[in-house]
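Letter by letter, the chains look like this.
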Amino acid sequence: MSTPVTKAVIPTAGLGTRFLPATKALPKEMLPVVDKPVIQYVVEEAVRAGLGDVLFVTGRNKNALENHFDRATELEQILHRKGDQTKLHKVEESSDLADVHYVRQGDPKGLGHAVLRSRAHVGDEPFAVLLGDDIIDERDHLLERMLEVQGARSTTVVALMEVPPSQAHLYGIATVEATDEEDVVRVLGLVEKPEPGSAPSNLAIVGRYVLRPEVYGVLERTEPGKGGEIQLTDALLEMARDESVGGVHGVVFRGRRYDTGDRLDYIKANVQLAVERDDIGPGLRSWLREFVPSLEE
Ligand code: UTP
């Protein structure tokens, strides 16, 4: 039996350049989807999976993020005085959500480097990494399944999704072999952002990982790779080849994922999650029914 996972690490220190100028003074993880910052969806997912200890790896402009998970005493007092319990609850829920901690990355030297910054907090136990700009729909239980596979196989687990060949150069791509479980594969090879047309498969790593602590030792000696950044994918390739650390497995996810770091996906996420809502959903649906046909005229 491997040690149970209790900690979630959420890197938020990227530059978010695809979202400039919105991200000039705000981390992209603080952009709202409908009316809630992306990062709150991610923390809620960690907490639902039983990971109430959350470490943010932060970069520049971290204040907005820290304030969001802190109390907002003045605003709370005003809403309390007004007797507006609904809005008061909305203000309080993010500060009551999890036990949050912060560590700075300093220079954004890559996702692998960001994860390495969590070492002192995590210590010698397996832990989850959730990218702060990827939302997994709450009706799909990806992280829970990954934790189950990690516990049962005492391995390192990545989330894999099929992507169209035209998108493969944007992801880490895995070569895999089947296991005795339909949604679990053994990872044999990994390549970060392959050149267009050269991807070894259509299985891409998406923003959820459950890592064994040996990853820290590997990351320490991982040289900068693609884009001059220390790549988590490169460290995972080394672990995939190392039986003594349990190799690397992938959970093949077929559910709903919203990549909010990409502008088009961000807009789609807003529409998809808004139409489901009881408050604004009906209004948005009826507007969309009128608007969409007008595009074809
Ligand atoms: P991305 O590559 O999507 O983020 O990193 P980015 O560099 O911020 O985005 P663009 O391309 O400039 O728009 C994936 C995740 O890893 C984090 C990011 O915050 C994001 O959640 N990250 C990336 C770090 O925390 N540190 C880094 O050095 C790089």
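Data block above holds the structure.
Below is a summary of the structure that appears in this document. Please read these numbers as outputs of a predicted model, since none were measured by experiment.

1. A short note on the overall build of the protein chain
Tallying secondary structure elements over the protein chain gives 11 helices and 13 strands in all. For 297 residues, the compact-globule estimate of 2.2 N^0.38 gives 19 Å, and the C-alpha radius of gyration of the protein chain, at 20 Å, lies within 12% of that figure. Referenced to the eigenvectors of the C-alpha coordinate spread, the extents of the protein chain come out at roughly 60 × 50 × 35 Å. Burial status across the protein chain gives 49% buried among its 297 residues. The long-range share in the protein chain, meaning contacts at least 24 apart out of those at least 6 apart in sequence, stands at 75%. Carbon and sulfur atoms provide 51% of the accessible area of the protein chain, an area that totals close to 14700 Å². In the protein chain, 35 positive and 49 negative side-chain charges are present, and the distance between their average locations comes to 4 Å.

2. Concerning the pattern of salt bridges
Summed over all chains, the structure comprises 29 salt bridges. In this structure, arginine 145 and aspartate 183 form a salt bridge, with 2.7 Å as the shortest nitrogen-oxygen distance. Note that arginine 145 is positioned in helix H7 (residues 142–153) and aspartate 183 in the loop between strand E9 (172–178) and strand E10 (184–192), a separation of 38 residues in sequence. We classify arginine 145 as buried; its relative accessible area is 19%.

3. Focus: the site of the ligand
Near the ligand, the surroundings consist of 19 residues, among which Gly16, Thr17, Arg18, Gln105 and Gly110 are the closest. Between an oxygen atom of the ligand and a main-chain N or O atom of proline 11, the distance comes to 3.2 Å. A distance of 3.4 Å separates an oxygen atom of the ligand from a polar backbone atom of lysine 109. Against a free-state accessible area of 580 Å², the protein chains account for coverage of 84% of the ligand. Here the shell around the ligand is composed, by residue class, of 7 nonpolar, 7 polar and 5 charged.

4. Quick word on the packing of helix H10 (residues 263–275) against helix H11 (residues 281–295)
Two packed helices can be described by the angle between their axes and the distance between those axes. Where H10 contacts H11, the axes come no closer than 8 Å and their chain directions differ by 120°. The orientation of H10 with respect to H11, classified from their angle, is oblique. Note on element contacts: H11 touches H10 through Gly281, Leu284, Arg285 and Leu288, opposite Val271, Ala274 and Val275. Grouping the constituent residues of the contact of H10 with H11 by class yields 5 nonpolar, 1 polar and 1 charged.

5. With respect to the pairing of strand E11 (residues 203–211)
Of all 9 residues that make up E11, 9 are buried, and the element is covered over most of its length. Where strand E6 (residues 127–130) and E11 come together, 4 bridges link them in antiparallel fashion. Counted as the bridge partner of leucine 130 is arginine 208 from E11. As judged from the 6 bridges shared by strand E8 (residues 156–162) and E11, these two strands associate in the antiparallel manner. Across the sheet, the residue bridging to valine 157 is valine 210, located in E11.

6. Here we look at the side chain of glutamine 105
Structurally, the position occupied by glutamine 105 is in the loop between strand E5 (99–104) and helix H5 (111–116). You can call glutamine 105 buried: its relative accessible area is 7%. Filtering out sequence-adjacent residues up to four positions away, glutamine 105 remains in contact with Ala13, Val57, Thr58, Gly110, His113, Ala114 and Arg117.

7. Digging into the environment of valine 129
Mapped onto the fold, valine 129 is located in strand E6. In the structure, valine 129 is positioned 118 residues away from proline 11 in sequence and 7.7 Å away in space, judged by C-alpha atoms. Beyond its immediate chain neighbours, meaning those up to four positions away, valine 129 contacts Val9, Pro11, Val115, Gly207, Arg208, Tyr209 and Leu211.

8. Some words on the pairing of E8
With 6 of 7 residues buried, E8 lies mostly within the body of the structure. The sheet contact formed by E8 and strand E12 (residues 248–252) spans 5 bridges and is parallel. Bridging from a neighbouring strand, threonine 156 pairs with valine 248 of E12.

9. Points about the nonpolar core
As a rule of thumb, nonpolar side chains are buried together in soluble globular proteins. In terms of nonpolar packing, the biggest core is built from 36 residues, with Ile10, Ile39, Val43, Leu51, Phe56, Leu130 and Leu143 touching the most fellow members. For this core, the secondary-structure elements that each account for two or more residues are strand E1 (7–11), helix H1 (38–48), strand E4 (53–58), E6, H7, E8 and E11. Residue contributions to this core peak at 5 residues, all from H7. If sequence neighbours within four positions are ignored, valine 43 has contacts with Ile10, Val54, Phe56, Phe69, Leu97 and Ala98. Ranked by size, the runner-up nonpolar core spans 34 residues in total, among them Val122, Val158, Leu203 and Val248.

10. Considering a nonpolar patch on the surface
Together, Trp287, Phe291, Val292 and Leu295 make up a nonpolar patch on the protein surface, roughly 390 Å² of accessible area in all. With respect to the helices, strands and loops of the structure, leucine 295 is situated in helix H11. Overall, leucine 295 belongs to the exposed group, its relative accessible area being 57%.

Reading the values: rules and limits
Residues numbered from 1 in each chain as written. Predicted model: local features only at pLDDT ≥ 70, side-chain atom pairs only at ≥ 80, totals over all residues. Heavy atoms only, no water. Helix = DSSP H or I, 4+ residues; strand = E, 2+ residues; numbered from the N terminus. Rg over C-alpha atoms; globule rule 2.2 N^0.38 Å. Buried < 20%, exposed > 50% of the residue type's maximum accessible area, 1.4 Å probe, protein only. Contact = heavy atoms within 4.5 Å. Areas by Shrake-Rupley, 256 points an atom, 1.4 Å probe, with all protein chains shown as cover. Lys, Arg positive; Asp, Glu negative; His and termini not counted. Charge placed at Lys NZ, Arg CZ, Asp CG, Glu CD. Salt bridge = Lys/Arg side-chain N within 4 Å of Asp/Glu carboxyl O. Near = heavy atom within 4 Å. Polar contact = N/O pair within 3.5 Å; in protein donor to acceptor, adjacent residues only side chain to side chain. Nonpolar A, V, L, I, M, F, W, Y, C, P; charged D, E, K, R; others polar. Axes fitted to C-alpha atoms, helices over the stretch in contact; angles between N-to-C directions. Parallel < 35°, antiparallel > 145°, perpendicular 65-115°, else oblique. Pairing = 2+ DSSP bridges. Core = buried A, V, L, I, M, F, W, Y, C linked by side-chain atoms within 4.5 Å. Patch = residues over 30% accessible without salt bridge, like charges linked within 9 Å, V, L, I, M, F, W, Y side chains within 5 Å.

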